[in-house]
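Now for the letters of each chain:
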There are 2 protein chains.
Amino acid sequence: MNGHQIKAITKVPEPTLRRLPWYLSNVKLMRERGEEYVSSTQISKEINIDASQIAKDLSYVNISGRTRVGYKTDELIHVLEDFLGFTNIHKAFLFGVGSLGGALLHDSGLRHFGLEIVAAFDVNPLLVGKQLNGIPIYHSDTFFEKRKEYGVNIGVLTVPINIAQEITDMMVEGGIKAVWNFTPFRIRVPENIVVQNTSLYAHLAVMFNRLNFNQIK
Amino acid sequence: MNGHQIKAITKVPEPTLRRLPWYLSNVKLMRERGEEYVSSTQISKEINIDASQIAKDLSYVNISGRTRVGYKTDELIHVLEDFLGFTNIHKAFLFGVGSLGGALLHDSGLRHFGLEIVAAFDVNPLLVGKQLNGIPIYHSDTFFEKRKEYGVNIGVLTVPINIAQEITDMMVEGGIKAVWNFTPFRIRVPENIVVQNTSLYAHLAVMFNRLNFNQIK
């Protein structure tokens, strides 16, 4: 176990985890511009977040900067990618090959951020047995055996809301440890199971409301 | 202007706007089960949020419940959908037909939540002039004229991070009023422009960290 991994097991605050990818993308741009070193002050100017907040966030990551010079750009990128889990490939199953599920199967870009959807599940006879973007679609009934075969512990949930809880229960029973929930349904899970909610519809609702507000004010 | 629209122009707190779609999906399920009325206490039991919080959130929406009986299910669904902007179709342009951009073009389901991507922009000669899921892909240089032609004021940003700011600036100059930013880049916009950040990668980072934490603790 190296230093990065030891650091990675501390429970990092969610706001920090959400900001770190911003720093990563900015530092990558600075590397493109040929910067050998980068400081939190420089990042701060680019993205309008307090330098002290950035330094604090980066303190969770196992990297040390040099006074007045900052962090070595290459090293910071490497350490951040490692810390955020983007350098390990995490295999995942996707449940529900509807419109959004199918779209996510097309998004091979998730692989660059550490997620590889290796198989999908559905009950639609028109889909079962087929492949989408090279990813096999199996019948949901075969999930338990496929789980053992692939050794997957992440499930991406893109089913209709009326079966969201039922499919979640099945995932958990089969050994899934983390659910990436794209449904607008608030699923219930045992305490030791991770749920990450990404409701595109909730984000749309916020955007529409703000847009109406700006147009009328 | 009816009552719903008048209410919709108040600046609703973001946490409320994020919870309302949860209530909507649950109330839809209750309708499927044949419930004619639904109370905040019932919703509370289903999704594990305080009934008082639910009642407070629903107070932003222009609907009145009856004591002990609750809200009329059909009416609550209609009013929530209307309030959240899911019943109006908002036209949008998408910028950057890469892996994620292409995936979003495949997701016709966004239409049920009020967003219709009517055209996409890219500079890749292999894409320009083609269609994806029936949606035309134009050269980015034609954005200004297409903006006028389509009268669109929402832009979906799925370009590489190194041009995220440049494309945002172009959108704003062309008259786009709201940017749905899927890049991990923190874009800067004038004060009157709405930005909704949806960084799938940041969500992945949070999920991976929590998963590692659970597995090692």
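Details of the structure are given in the entry above.
Read on for a plain summary of the structure. (Residues numbered from 1 in each chain as written. Chains lettered and ligands numbered in written order. Predicted model: local features only at pLDDT ≥ 70, side-chain atom pairs only at ≥ 80, totals over all residues. Heavy atoms only, no water.)

**Section: the environment of A:Asp169**
Residues and elements named next belong to chain A. With respect to the element layout, Asp 169 can be found in helix α8 (residues 164–174). Classification of Asp 169 by relative accessible area gives partly exposed; the value is 41%. In the structure, Asp 169 is positioned 59 residues away from Leu 110 in sequence and 25 Å away in space, judged by C-alpha atoms. (Helix = DSSP H or I, 4+ residues; strand = E, 2+ residues; numbered from the N terminus. Buried < 20%, exposed > 50% of the residue type's maximum accessible area, 1.4 Å probe, protein only.)

**Regarding the interface of chain A and chain B**
In this assembly, 70 residues from chain A lie in contact with 70 residues from chain B. Summed over both sides, the interface of chain A with chain B buries roughly 6,900 Å², with 68% coming from carbon and sulfur. Our count for the contact surface shared by chain A and chain B stands at zero salt bridges. Going through the elements one at a time, α2 (14–32), α3 (40–47), α6 (99–106), β8 (178–181), β9 (194–197) and α9 (200–216) of chain A are the ones with two or more residues in the side of chain A that touches chain B. For the side of chain A that touches chain B, the element with the highest residue contribution is α9(A), accounting for 16 residues. Considered class by class, the residues forming the side of chain A that touches chain B number 38 nonpolar, 21 polar and 11 charged. (Contact = heavy atoms within 4.5 Å. Buried area = accessible area lost by both parts, 1.4 Å probe. Salt bridge = Lys/Arg side-chain N within 4 Å of Asp/Glu carboxyl O. Nonpolar A, V, L, I, M, F, W, Y, C, P; charged D, E, K, R; others polar.)

**Here we look at empty space enclosed by the protein**
In this structure the tally under the stated criterion is one cavity of 30 Å³ or more. Around the largest cavity, the lining residues are A:Leu100, A:Ala103, A:Leu104, A:Phe182, A:Leu200, B:Leu100, B:Ala103, B:Leu104, B:Phe182 and B:Leu200. Of all the secondary-structure elements, those providing two or more residues to the lining of the largest cavity are α6 of chain A together with α6 (99–106) of chain B. Taken together, the residues of the lining of the largest cavity break down into 10 nonpolar, no polar and no charged. (1 Å grid on protein atoms, 1.4 Å probe; cavity = no way out; pocket = protein on both sides within 12 Å on 5 of 7 lines; lining within 4 Å. Points joined across faces, edges and corners; volume = space filled by probe spheres on them.)

**Quick look at the pairing of strand β9 (residues 194–197) of chain B**
Residue and element names in this part refer to chain B. Residues Val 194 and Gln 196 line the buried face of β9, whereas the alternating positions Val 195 and Asn 197 sit on a face that is not buried. By the bridge criterion, four bridges tie strand β8 (residues 178–181) to β9 in an arrangement that is parallel. Considered in β9, the bridge of Ala 178 is made with Val 194. (Pairing = 2+ DSSP bridges.)

**Quick look at the relation of the copies chain A and chain B**
Expressed as a screw operation, the relation of chain A to chain B combines 0.0 Å of axial shift with a rotation of 180 degrees, fitting to an RMSD of 0.0 Å. In symmetry terms, the pair is related by a two-fold rotation axis. Every residue of chain A has its C-alpha some distance from the rotation axis, and the shortest such distance is that of A:Ala103, at 2.2 Å. By residue overlap, the copies meet face to face through one surface: 100% of the interface positions of chain A are interface positions in chain B. (Least-squares fit on C-alpha atoms with pLDDT ≥ 70 in both.)

**Some words on the packing of helix α7 (residues 143–150) of chain B against helix α8 (residues 164–174) of chain B**
Residues and elements named next belong to chain B. The contact between α7 and α8 brings their axes to 10 Å, and the two run at 45 degrees. It follows that α7 is oblique to α8 by the angle criterion. Crossing geometry of α7 relative to α8 is assigned as right-handed. Residues Phe 143, Phe 144 and Arg 147 of α7 lie in contact with α8, whose contacting residues are Met 170, Met 171, Glu 173 and Gly 174. Of the residues in the contact of α7 with α8, the class split is four nonpolar, one polar and two charged. (Axes fitted to C-alpha atoms, helices over the stretch in contact; angles between N-to-C directions. Parallel < 35°, antiparallel > 145°, perpendicular 65-115°, else oblique. Left-handed = near helix turned anticlockwise from the far one by under 90°.)

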